[in-house]
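Breakdown of the fold
Take a look at the letters that make up each chain.
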Amino acid sequence: HQPDLLSGLLFQNVYRGKPIPKGCKSVTLRLNFRDPNTTLRHEQVDPYMLAILDQLRSVLGAELRE
């Protein structure tokens, strides 16, 4: 299910190597959120980001790198 304000998802990059553990990879995605009627604030987008991250964790075992 796509969040209402998600207007685009773009695959950016894959990285393998230090400090990523062997057998794992780092994937960079760009998510674009848009509301045609107003400027979005982080308070509006953050719940969508958390839901997407939770789904990636539960389905793929993904971890957010900081």
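Residues numbered from 1 in each chain as written. Predicted model: local features only at pLDDT ≥ 70, side-chain atom pairs only at ≥ 80, totals over all residues. Heavy atoms only, no water.

**Description of the overall build of the protein**
A count of helical and extended segments in the protein gives one helix and two strands. Listing each helix as α and each strand as β along the protein from the N terminus yields β-β-α. Over its C-alpha atoms the protein spans a radius of gyration of 14 Å, topping by over 25% the 11 Å that the globule rule assigns to 66 residues. Across its three principal directions, the C-alpha atoms of the protein cover 45 × 20 × 20 Å. (Helix = DSSP H or I, 4+ residues; strand = E, 2+ residues; numbered from the N terminus. Rg over C-alpha atoms; globule rule 2.2 N^0.38 Å.)

**Some details on helix H1 (residues 42-60)**
Taking 1.5 Å of rise per residue, the 19 residues of H1 would be expected to cover 27 Å, and the 25 Å separating its terminal C-alpha atoms lies within 8% of that figure. Where H1 terminates, the next one or two residues include Gly 61, which has phi positive at roughly 70°. (Expected span 1.5 Å × (residues − 1).)

**Here we look at the pattern of salt bridges**
Counted according to the given criterion, the structure contains two salt bridges. Here Glu 43 and Arg 41 are joined by a salt bridge, their closest N and O atoms 3.4 Å apart. For Glu 43, a relative accessible area of 45% corresponds to the partly exposed category. The partner of Asp 54 in a salt bridge is Arg 57, and the shortest N-O contact between them spans 3.3 Å. Of this pair, Asp 54 and Arg 57 both sit in helix H1, three residues apart, roughly one helical turn. (Salt bridge = Lys/Arg side-chain N within 4 Å of Asp/Glu carboxyl O. Buried < 20%, exposed > 50% of the residue type's maximum accessible area, 1.4 Å probe, protein only.)

**Considering a nonpolar patch on the surface**
Together, Leu 9, Phe 11, Val 14, Val 27 and Leu 29 line one region of the surface with nonpolar side chains, adding up to about 450 Å² of accessible area. Secondary-structure elements contributing two or more residues to the nonpolar patch are strand E1 (6-15) and strand E2 (26-33). At three residues, the largest contribution of residues to the nonpolar patch is made by E1. Secondary-structure assignment places Phe 11 in strand E1. (Patch = residues over 30% accessible without salt bridge, like charges linked within 9 Å, V, L, I, M, F, W, Y side chains within 5 Å. Areas by Shrake-Rupley, 256 points an atom, 1.4 Å probe, with all protein chains shown as cover.)

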